[in-house]
Amino acid sequence: MASSGAEKKEKLKLYSSYKSSCSHRVRIALAVKGIEYEYVPVNLLKRDEYLKINPMGAVPALVDGDVVVSDSFAIIMYLDEKYPEPPFLPRDLHKRAVNYQAASIVLSGIQPYQNTPVAMYIEKKTNAEEKTAWVSNAITKGFTALEKLLVSCTGKYATGDEVYLADLFLAPQIHAAINRFQIDMEPYPTLAKCYESYNDLPSFQNAVPEKQPDAPASTS
């Protein structure tokens with residue numbers, strides 16, 4: 001529920017970039033919770049002003065009155081504690097642990113290696129082919145681990161028939177893998193099945209990069 005305008009100053013502000021998978025997962029979280037917010041686009045190539053919000057310069061950042069939260073995982077957990085329904089973690093202890101594991105694989109085992117500054121650095125030091133191989137290796141290694149982790153506990157979504165934390169991390173990662181990095185999903189039927197289910201959810205579909213206010217017209 002992204003919005004803008006003077007009459008909505010009291011709403012949460014999400015500093016976001018359309019292409020960022022970290023921003024993408026927070027947009028899904030806000031939509032699943034039904035929280036209205038103001039979308040503030042960040043140009044990552046001209047971010048001097050934004051550094052006042054997040055000194056790391058990375059997106060997303062959430063501003064809730066006097067509270068500023070950066071890092072997508074921290075933002076999602078903040079939202080889940082402030083707006084507990086629907087919950088992002090199941091009550092079952094094992095499934096809760098699986099959700100944390102899946103989020104961690106994406107957060108620390110895949111996304112940092114495909115991050116644009118890292119990929120650009122690899123290409124600069126080597127070449128475009130090596131950069132592509134670097135990113136593909138990180139994604140396929142992570143997807144292999146996720147497939148094994150989720151195959152025995154998946155339902156309609158990653159850990160059952162309700163959307164939880166793992167889904168917020170999986171959907172943007174799979175979307176990027178398919179659309180940005182041309183990863184073949186055939187070896188990962190469990191992940192592919194989850195992704196098909198996400199495509200039926202407006203909260204997920206409205207959060208995709210091409211539907212954001214700062215997305216180039218050519219992406220829609």
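Preceding block: the structure.
Since we're looking at a predicted model, the values are computed, not measured.

Colleague: Give me empty space enclosed by the protein: which residues, what numbers.
Modeller: Evaluation of the coordinates by the stated rule reveals one cavity of 30 Å³ or more. Within this model, the largest cavity holds a volume of roughly 50 Å³. Lining the largest cavity are His24, Ile28, Ala171, His175, Tyr195, Tyr198, Asn199, Phe204, Gln205 and Val208. Taken together, the residues of the lining of the largest cavity sort by class into six nonpolar, four polar and no charged.

Colleague: Summarise the packing of aromatic side chains; cite the residues concerned and give the values.
Modeller: For the coordinates displayed, the defined rule picks out six aromatic pairs. Ring geometry for Phe73 against Phe169: centres 6.3 Å apart, planes inclined by 55°, an arrangement best described as tilted. Of the two residues, Phe73 sits in helix α2 (residues 72–82) while Phe169 sits in helix α6 (residues 165–179), which places them 96 residues apart along the sequence. Measuring from ring centre to ring centre gives 4.8 Å for Tyr198 and Phe204, while their planes differ by 10°; the resulting arrangement is stacked. We note that Tyr198, like Phe204, is buried. Every member of this aromatic cluster is reached through a ring pair, and the members are Tyr157, Tyr198 and Phe204. Stacked on the ring of Phe88, the Lys or Arg Lys33 has its end atom at 4.3 Å from the ring centre.

Colleague: Give a detailed account of the nonpolar core, specifying residues and quantitative values.
Modeller: Of all hydrophobic cores here, the largest spans 56 residues; its most connected members are Phe143, Leu168, Leu170, Leu191, Tyr198 and Phe204. Counting only elements with at least two residues in this core, the list comes to β2 (12–16), α1 (21–33), β3 (37–41), α2, α3 (93–114), α5 (128–150), α6 and α7 (189–198). Element by element, the count of residues in this core is highest for α6, at nine residues. What Leu168 contacts, discounting residues up to four positions off in sequence, is Arg25, Ile28, Ala29, Val32, Ile76, Phe88, Val163 and Phe204. Core analysis: the second largest hydrophobic core is formed by seven residues, Tyr15, Val42, Tyr50 and Val63 among them.

Colleague: Quick one: what's the story with α5, residue by residue and with numbers?
Modeller: Over its 23 residues, α5 runs 33 Å from end to end, which matches the ideal 33 Å to within 8%, given 1.5 Å per residue. Looking at the buried side of α5, the elements it contacts are α3, α4 (116–125), α6 and α7. Sitting at the amino-terminal end of α5 is Asn127, which places a side-chain oxygen 3.1 Å from the backbone nitrogen of Glu129.

Colleague: Mind laying out the pattern of salt bridges, listing which residues take part and the relevant values?
Modeller: For the coordinates displayed, the defined rule picks out four salt bridges. Ionic pairing is found between Glu36 and Lys11, a salt bridge with its closest N-O pair at 2.5 Å. With a gap of 25 residues between them, Glu36 in the loop between α1 and β3 and Lys11 in the loop between β1 (2–3) and β2 connect regions that are remote in the sequence. Notably, a salt bridge pairs Asp64 with Lys82, separated by 2.5 Å at the nearest N-O pair. Placement of Asp64 in strand β4 (residues 61–64) and of Lys82 in helix α2 is noted, with a sequence separation of 18 residues between them. On the basis of relative accessible area, Asp64 is assigned to the buried category, the value being 14%. Taking relative accessible area as the criterion, Lys82 reaches 41% and is therefore assigned partly exposed.

Colleague: For the environment of Glu85, give the residues involved together with the corresponding values.
Modeller: Mapped onto the elements of the fold, Glu85 is located in the loop between α2 and α3. Counting along the chain gives 53 residues from Glu85 to Val32, while the straight-line C-alpha distance between them is 9.2 Å.

So, how was this worked out
Residues numbered from 1 in each chain as written. Predicted model: local features only at pLDDT ≥ 70, side-chain atom pairs only at ≥ 80, totals over all residues. Heavy atoms only, no water. 1 Å grid on protein atoms, 1.4 Å probe; cavity = no way out; pocket = protein on both sides within 12 Å on 5 of 7 lines; lining within 4 Å. Points joined across faces, edges and corners; volume = space filled by probe spheres on them. Nonpolar A, V, L, I, M, F, W, Y, C, P; charged D, E, K, R; others polar. Phe/Tyr/Trp six-rings, centres within 6.5 Å; stacked < 30°, edge-to-face > 60°. Helix = DSSP H or I, 4+ residues; strand = E, 2+ residues; numbered from the N terminus. Buried < 20%, exposed > 50% of the residue type's maximum accessible area, 1.4 Å probe, protein only. Lys NZ or Arg CZ within 6 Å of the ring centre and 35° of its normal. Core = buried A, V, L, I, M, F, W, Y, C linked by side-chain atoms within 4.5 Å. Contact = heavy atoms within 4.5 Å. Expected span 1.5 Å × (residues − 1). Polar contact = N/O pair within 3.5 Å; in protein donor to acceptor, adjacent residues only side chain to side chain. Salt bridge = Lys/Arg side-chain N within 4 Å of Asp/Glu carboxyl O.

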